[in-house]
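Listed below, chain by chain, are the residues.
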Number of protein chains: 2
Amino acid sequence: MAMKHSATGCSVEEAMRLLGVRWRLLIIFYLVGGPKRFSELRRCLPVISQRMLTLDLRALEEADLVERTVFPTVPVTVQYGLSVDGLRLVPVVEVMRSFGLWLKERDRA
Amino acid sequence: MAMKHSATGCSVEEAMRLLGVRWRLLIIFYLVGGPKRFSELRRCLPVISQRMLTLDLRALEEADLVERTVFPTVPVTVQYGLSVDGLRLVPVVEVMRSFGLWLKERDRA
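Small disclaimer: the values here were computed from a predicted structure and weren't measured. (Residues numbered from 1 in each chain as written. Chains lettered and ligands numbered in written order. Predicted model: local features only at pLDDT ≥ 70, side-chain atom pairs only at ≥ 80, totals over all residues. Heavy atoms only, no water.)

I would appreciate a short explanation of the UniProt feature "domain: HTH hxlR-type" (unreviewed entry) in chain A in the present structure.
On the UniProt side, "domain: HTH hxlR-type" (unreviewed entry) is annotated at positions that read residues 10-108 of chain A here. Helix makes up 59% of residues 10-108 of chain A and strand 14%. Its end C-alpha atoms lie 35 Å apart. (UniProt positions renumbered as here; feature names shortened; annotations may be inferred. Helix = DSSP H or I, 4+ residues; strand = E, 2+ residues; numbered from the N terminus.)

If you want it as structure tokens, here you go:
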């Protein structure tokens, strides 16, 4: 019985193509808490190299989920925050956090 | 202002360590629809090589999220399905599907 690559499966694929790159959803998680400077995100996310963080932020910015604001201080301050579209990721982060909490509890038992 | 690697962020990290490997959540999506034979999953997921599908199924099995059942037919039939624990992934898949649908609609506009 052949099974077609379904349209709904395709949506999960679409979402994971963007968010499945390992730490992007973790970046989003920290931005849900409010806008952060690059250096603050670096401290939140010691698992990610500076280069990967830059690339992931750029990809999220290109997908219009993250907004980059430059303040004309000396030196300039660059701040990242969720865009209006990015707020749609709040429930995604929330469900992932719940599952992660449950997983940790289970594996501790 | 130093920021600690928070316990809740850590839960998202834990979840993504397991599910963020790109196509695992897509495998789960297809298993939400009911148990599947390996060959059926292969047809659902042409994006994944046979080797990667095998490795991902094994990882999900080791995490007790997927159950593998062997039927003593000739040749043997191997079937994969969500375990009781794996059912906890249904809301994760659902929220990811909704986001993916929205993303596709947005980018089509």
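What follows picks up the thread again.
Explanation requested: the interface of chain B and chain A in the structure shown.
Many structure descriptions define interface size as the accessible area lost when the parts assemble. Opposite the 51 residues of chain B that make contact, chain A presents 51 residues. Each partner contributes to the roughly 4700 Å² buried at the junction of chain B and chain A, and carbon and sulfur atoms together form 69% of this total. Counting the contacts that link chain B with chain A gives 2 salt bridges. The residue Arg106 of chain A makes a salt bridge to Asp85 of chain B at a minimum N-O spacing of 2.9 Å. (Contact = heavy atoms within 4.5 Å. Buried area = accessible area lost by both parts, 1.4 Å probe. Salt bridge = Lys/Arg side-chain N within 4 Å of Asp/Glu carboxyl O.)

Honestly, a nonpolar patch on the surface in this entry has me stumped. Any pointers?
All names here are of chain A. Taken together, the side chains of Val32, Leu87 and Val90 make up a nonpolar region of the molecular surface, amounting to roughly 220 Å² of accessible area. Within the secondary structure, Val32 sits in helix 2 (residues 24-32). The class of Val32 is partly exposed, set by a relative accessible area of 37%. (Patch = residues over 30% accessible without salt bridge, like charges linked within 9 Å, V, L, I, M, F, W, Y side chains within 5 Å. Areas by Shrake-Rupley, 256 points an atom, 1.4 Å probe, with all protein chains shown as cover. Buried < 20%, exposed > 50% of the residue type's maximum accessible area, 1.4 Å probe, protein only.)

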